[in-house]
Amino acid sequence: MTLRHGAFSYLPDLTDDEIAAQVRYALLNNWPVSIEYTDDPHPRNIYWEMWGLPLFDLDEPDGVLAEINACRATFPNHYVRVLAYDARLGRQTTALSFLVQRPATEPGFLLTRTEGSDRRQTYGVQSYATTSPEGSRYGADPR
């Protein structure tokens, strides 16, 4: 199963040149860029670990790509995404978010069904990755 998260999620994985083009677009729109990573890919897990501070002062995507590659090297078995933040008054929201790395094997999700009163059924989603403790979900944690 392939996690579909953020923009471009149904396309093949982006190359470094395509990532640079998207970062350049964000920077031309004055959107600060940040890099995040996680080993818990649940769709409702929107708060990932930040890789350093947001990159407010960059004009070219080369610095962002260097940080992306450093994050990839440090966490080779994690999901890594790039976020661009639109801080204009009245907006103040994530303008762009896309994955730049995913683990070699993605475990997928378990759909659980619970029956309640009057035969009412509720459903839940649990990531198979969470059956292991944090840091060992996709192999050894390099920290």
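Details of the structure are given in the entry above.
The following paragraphs examine the structure supplied in this document. (Residues numbered from 1 in each chain as written. Predicted model: local features only at pLDDT ≥ 70, side-chain atom pairs only at ≥ 80, totals over all residues. Heavy atoms only, no water.)

### Topic: helix α1 (residues 16–28)
Our working rule: What counts as a helix is a DSSP run of H or I of at least four residues, what counts as a strand is a run of E of at least two, and both are numbered from the N terminus. To estimate the expected span of a helix, subtract one from its residue number and multiply by 1.5 Å. Working definition: with a 1.4 Å probe on protein chains only, accessible area under 20% of the residue-type maximum means buried, over 50% means exposed, and in between means partly exposed. Summarising the geometry, the arc corresponds to the directions from the helix axis toward the C-beta atoms. The contact criterion used throughout is that any non-hydrogen atoms of two residues lie within 4.5 Å.
With 13 residues, α1 ought to run about 18 Å at 1.5 Å a step, and its terminal C-alpha atoms sit 18 Å apart, in line with that. Within the span of α1, buried status applies to I19, A20, V23, A26 and L27. In an axial view of α1, the angular spread of the buried residues amounts to 120°, which keeps them on one side of the axis. Of the residues in α1, the exposed ones pointing more than 90 degrees away from the buried face are D17 and L28. Tucked into the core, α1 has its buried residues touching β1 (33–38), α2 (61–74), β3 (79–86) and β4 (93–101). With its phi angle positive at about 60°, N30 sits one or two positions after the end of α1.

### Some thoughts on the nonpolar core
Applied cut-off: To form a nonpolar core, buried Ala, Val, Leu, Ile, Met, Phe, Trp, Tyr and Cys residues must be joined to one another through side-chain atoms within 4.5 Å.
Membership of the largest hydrophobic core comes to 23 residues, with the highest contact counts inside it found for I19, I35 and I68. Only α1, β1, α2, β3 and β4 provide two or more residues apiece to this core. Ranked by residues supplied to this core, first place goes to α1 with five residues. Each residue touching I68, except ones within four places of it in the same chain, is listed here: I19, I35, V82 and V100. If you look at the next biggest cluster of nonpolar residues, it comprises five residues, including W48, Y79, L99 and F109.

### Some remarks on the pattern of salt bridges
A pair can form between side chains of opposite charge whenever their charged atoms are brought close. So the rule is basically this: Salt bridge, as used here, is a side-chain nitrogen of Lys or Arg placed within 4 Å of a carboxyl oxygen of Asp or Glu.
Counted according to the given criterion, the structure contains five salt bridges. In this structure, the salt-bridge partner of R81 is E36, at a minimum N-O distance of 2.6 Å. One end of the pair, R81, is in strand β3; the other, E36, is in strand β1, and 45 residues separate them in sequence. On the basis of relative accessible area, E36 is assigned to the buried category, the value being 9%. One salt bridge in this structure joins R88 and D86, with 2.8 Å as the shortest N-O distance. Overall, D86 belongs to the buried group, its relative accessible area being 4%.

### Side note on the packing of aromatic side chains
Within a pair of aromatic rings, the relevant descriptors are the distance that separates the centres and the angle that separates the planes. Convention followed: Pairing of aromatic rings covers Phe, Tyr and Trp, the last through its six-membered ring, and needs centres within 6.5 Å; plane angles under 30 degrees mean stacked, over 60 mean edge-to-face, and all others mean tilted. Lysine and arginine charges are scored as sitting over a ring when NZ or CZ, respectively, is within 6 Å of the ring centre and within 35 degrees of the ring normal.
Tallying each qualifying case throughout the model produces five aromatic pairs. A ring pair is formed by Y25 and W31, whose centres lie 5.7 Å apart and whose planes are at 80°; its orientation type is edge-to-face. An aromatic cluster of three or more residues is present, and its members are Y37, W51 and F75. Positioned above the aromatic ring of W48 is the side chain of R81, whose terminal nitrogen or guanidinium carbon lies 4.0 Å from the ring centre.

### Brief notes about the environment of S97
You can see S97 is positioned in strand β4. Spatially, the C-alpha atom of S97 lies 9.9 Å from that of S9, the residues being 88 residues apart in sequence. Beyond its immediate sequence surroundings of up to four residues, S97 is in contact with G6, A7, R81, V82 and L83.

### So, the sheet that holds β4
Rules: Pairing between two strands is assigned when DSSP locates at least 2 bridges connecting them. For helices, the fitted axis covers only the stretch in contact; all axes are lines through C-alpha atoms, and the angles between them, taken along N-to-C directions, range from 0 to 180 degrees.
Taken together, four strands build an open sheet; the order of strands is β2-β1-β3-β4 and the sheet is antiparallel. Strand pairing shows two members of the sheet lacking a second neighbour, β2 (49–50) and β4, which therefore form its edges. Sheet topology note: the β3/β4 ladder contains seven bridges and is antiparallel. Within β4, the residue paired with V80 across the bridge is Q101. Strand contacts of α1: β1, β3 and β4, with the helix running at about 165° to β4, the strand carrying the most contacts. Here α2 sits on the sheet in contact with β1, β3 and β4, set at roughly 10° to β1.

Without other data, these values stay purely geometric and don't point to any function.
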